[in-house]
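A look at the structure
Read off the chains here:
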Amino acid sequence: MALASPFAEVPQAPPDPILGITEAYLADPNPGKVNLGVGVYLDETGKVPILKCVAEAQRRWIGREDSKGYLPIDGVKTFNRHVQRLILGPESPAIADGRAVTVQSLGGTGALRVGAELLKRFLPGRTVWVSTPSWENHRALFEAAGHTVNQYPYYDPRSHDLDFAEMAGRIGQLPEQSVVLLHACCHNPSGVDPTHEQWLKLCDIVRDRGLIPFFDFAYQGLGDGLDEDAFAVRAFVEAGIPCLIANSFSKSFSVYRERVGGLTVVTASRDEAGRVLSQLKRVVRASVSNPPSFGAQVVATVLDDPELATMWRDELTAMRHRIRKMRSLFVKTLRDQGVSQDFGFIERQKGMFSFLGLPVEAVRRLRAEFSVYAVDSSRICVAAMNEGNVERVCEAIKAVAP
């Protein structure tokens, strides 16, 4: 007699809202289909590019790698050093004073989870607050680590802009030591960021309320520039506010499958930093034991070589400029085709994503009738458009726009 399966009553999980769109796109036989639900940067040919600096760094690393032994629990030392310099600035007092510690992670997602686990162990009961809306995996990550997750106001769909008054007002009412998740730049999914003045006001609120800022910094360099996009993080650190920063190289180096990221914690003292690092290592040890080598070594090889680093900055600049170009071309094409709805807000926004502001029924018509795939919320990846598909996208939007 066969034993009853312990998994017999496991229910079917709902499909991931973004991966489900990609699956439907892949199954669509229409040769003119367009996937705007994808969350990656695509070049003008519609492919995820391999950057020239990455290709050269891979060649160099493979040529000199002489061991397949484990990495340290906190990862590649050179990589971690460059992470801190990129996000905090090479002259940061937090680095010079030894107040910042970094562990290599499995992409930005892994960095968020490691940080969530650290907070749960040492600050149990603190509620995590995320923006409305936010990347859909934020809630899942923190809830999986045992946190209660609430939302603060952020995006106003009527103005297609930041509702700063509501955002600041709600954050200013949070209990002491609440965790506030902040998108450092290129807000996903809205493409709307606070101004420098607004960031400084938020900095004052967070410091005065004794809150814990946790920055998701996945898009450095794709907004206004590497240093410009780090404004918020550096402002908080310079104000003496301890914080956590999860960063990713998936987008900026186009190394999605390599899962390269880092979690940096900025503390109040060198001694405190050492104790925090020891506990971060315990979190990593109990989850993945230690991180993989290849992707981090490639990034470190690029950033450690002046020639390759310059090549990377140039390639990243070209990516950023292409996204801006597509924002402008998209808006212009819609106007040229006579679409009455004003989409000019998309040209003002930053990064890879924006909301179209279309009702869900219109978005579903885009998919069903025109093979133009977007998430039900109408979030699109602007970086998935190119000169070869933008007219088709705009024609479809014209047909469904109310």
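Higher on the page you've got the structure.
These lines cover the structure that appears in this document, whether it is placed above or below. Note that this is a predicted model, so its numbers are computed, not measured.

**A word on the packing of aromatic side chains**
- Counted by the stated rule, this structure contains 12 aromatic pairs.
- Between Tyr155 and Phe355, the aromatic rings sit 5.2 Å apart at their centres with planes inclined by 40°, giving tilted as the arrangement. Taken together, the positions of Tyr155 in strand E5 (residues 155–156) and Phe355 in strand E11 (residues 353–355) put the pair 200 residues apart, joining distant regions of the chain. Neither Tyr155 nor Phe355 differs from the other in exposure class; each is buried.

**Side note on the state of the cysteines**
- Summed over the entire model, instances satisfying the criterion amount to zero disulfides.
- Cysteine Cys381 shares no disulfide, and the gap to the nearest cysteine sulfur, in Cys186, comes to 12 Å.
- Cysteine Cys394 shares no disulfide, and the gap to the nearest cysteine sulfur, in Cys381, comes to 15 Å.
- Of the residues examined, Cys394 reaches a relative accessible area of 0% and is grouped as buried.

**Some thoughts on the packing of helix H2 (residues 52–64) against helix H12 (residues 294–304)**
- At a minimum axis separation of 9 Å, H2 and H12 run at an interaxial angle of 110°. Accordingly, the angle class assigned to the pair H2 and H12 is roughly perpendicular. H2 and H12 meet at a crossing whose hand is right-handed. Contacts between H2 and H12 pair Cys53, Val54, Ala57, Gln58, Arg60, Trp61, Ile62 and Arg64 from the former with Phe294, Gln297, Val298, Thr301 and Val302 from the latter.
- Across the contact of H2 with H12, the residue classes tally to eight nonpolar, three polar and two charged.

**Topic: helix H3 (residues 77–88)**
- With 12 residues, H3 extends 17 Å between its outermost C-alpha atoms, agreeing within 8% with the 16 Å of an ideal straight helix rising 1.5 Å per residue.
- Phe79, Asn80, His82, Val83, Gln84, Leu86, Ile87 and Leu88 are the residues of H3 that are buried.
- The positive-phi residue at the C-terminal boundary of H3 is Gly89, with phi of around 100°.

**Notes on the environment of Arg392**
- Turning to its location among the elements, Arg392 is positioned in helix H16 (residues 390–400).
- Classification of Arg392 as partly exposed rests on a relative accessible area of 29%.
- Along the primary structure Arg392 and Val372 are separated by 20 residues, whereas in three dimensions their C-alpha atoms are 8.6 Å apart.
- Not counting chain neighbours up to four residues away, the residues in contact with Arg392 comprise Asn30, Gly32, Lys33, Val34, Phe370 and Ser371.

**Concerning the pairing of strand E10 (residues 260–266)**
- Among the seven residues that make up E10, seven are buried, leaving the element largely enclosed by the rest of the structure.
- Alternating positions in E10 separate into two faces, Val260, Gly262, Thr264 and Val266 on one and Gly261, Leu263 and Val265 on the other, with burial throughout.
- Sheet topology note: the strand E2 (residues 100–106)/E10 ladder contains seven bridges and is antiparallel. Paired with Ala100 across the two strands is Val266, which belongs to E10.
- Bridging between strand E9 (residues 243–248) and E10 involves six bridges; their strand directions are antiparallel. Within E10, the position partnered with Ser248 by the bridge is Gly261.

**Quick notes on the sheet that holds E10**
- Taking strand neighbours across the sheet as the criterion, the seven strands line up as E2-E10-E9-E8-E7-E3-E4 in an open arrangement whose pairing is mixed. Both outer strands of the open sheet, E2 and strand E4 (149–153), are each paired with one neighbouring strand and no more. Sheet twist, expressed as the mean angle between neighbouring strand axes with direction ignored, is 25°.
- With respect to the sheet, H3 is in contact with E2, strand E8 (212–217), E9 and E10, its orientation differing from that of E2 by roughly 110°.

**Things to note about the nonpolar core**
- Of all hydrophobic cores here, the largest spans 103 residues; its most connected members are Trp312, Phe330, Met352 and Leu358.
- The greatest single-element share of this core, amounting to nine residues, is contributed by helix H13 (residues 306–336).
- With 29 residues, the next largest nonpolar core counts Ala111, Leu118, Val130 and Leu141 among its residues.

**Some details on the pattern of salt bridges**
- A full pass over the atoms with the stated rule returns 22 salt bridges.
- Its salt-bridge partner being Asp336, residue Lys332 comes within 2.7 Å of it at the nearest N-O pair. A residue pair is termed a helical-turn pair when its members lie 3 or 4 positions apart in one helix, as Lys332 and Asp336 do in helix H13 at four residues.
- Arg367 is paired through a salt bridge with Asp376; the nearest N and O atoms lie 2.9 Å apart.
- Shared partners join several salt bridges into a network, and the residues in it are Glu56, Arg59, Arg60 and Asp305.

**Some thoughts on helix H5 (residues 107–122)**
- In this model, H5 (16 residues) spans 23 Å end to end at C-alpha, consistent with the 22 Å of a helix rising 1.5 Å per residue.
- Along H5, the residues classified as buried are Gly107, Gly108, Gly110, Ala111, Leu112, Val114, Gly115, Ala116, Leu118 and Leu119.

**A few points about the environment of Asn389**
- Along the chain, Asn389 turns up in the loop between strand E13 (379–381) and H16.
- As for Asn389 and Lys332, which are separated by 57 residues in sequence, their C-alpha atoms are 14 Å apart.
- Once residues lying within four places of it in the same chain are set aside, the contact partners of Asn389 are Val34 and Ala384.

Cut-offs and rules
Residues numbered from 1 in each chain as written. Predicted model: local features only at pLDDT ≥ 70, side-chain atom pairs only at ≥ 80, totals over all residues. Heavy atoms only, no water. Phe/Tyr/Trp six-rings, centres within 6.5 Å; stacked < 30°, edge-to-face > 60°. Helix = DSSP H or I, 4+ residues; strand = E, 2+ residues; numbered from the N terminus. Buried < 20%, exposed > 50% of the residue type's maximum accessible area, 1.4 Å probe, protein only. Disulfide = S-S within 2.5 Å. Axes fitted to C-alpha atoms, helices over the stretch in contact; angles between N-to-C directions. Parallel < 35°, antiparallel > 145°, perpendicular 65-115°, else oblique. Left-handed = near helix turned anticlockwise from the far one by under 90°. Contact = heavy atoms within 4.5 Å. Nonpolar A, V, L, I, M, F, W, Y, C, P; charged D, E, K, R; others polar. Expected span 1.5 Å × (residues − 1). Pairing = 2+ DSSP bridges. Core = buried A, V, L, I, M, F, W, Y, C linked by side-chain atoms within 4.5 Å. Salt bridge = Lys/Arg side-chain N within 4 Å of Asp/Glu carboxyl O.

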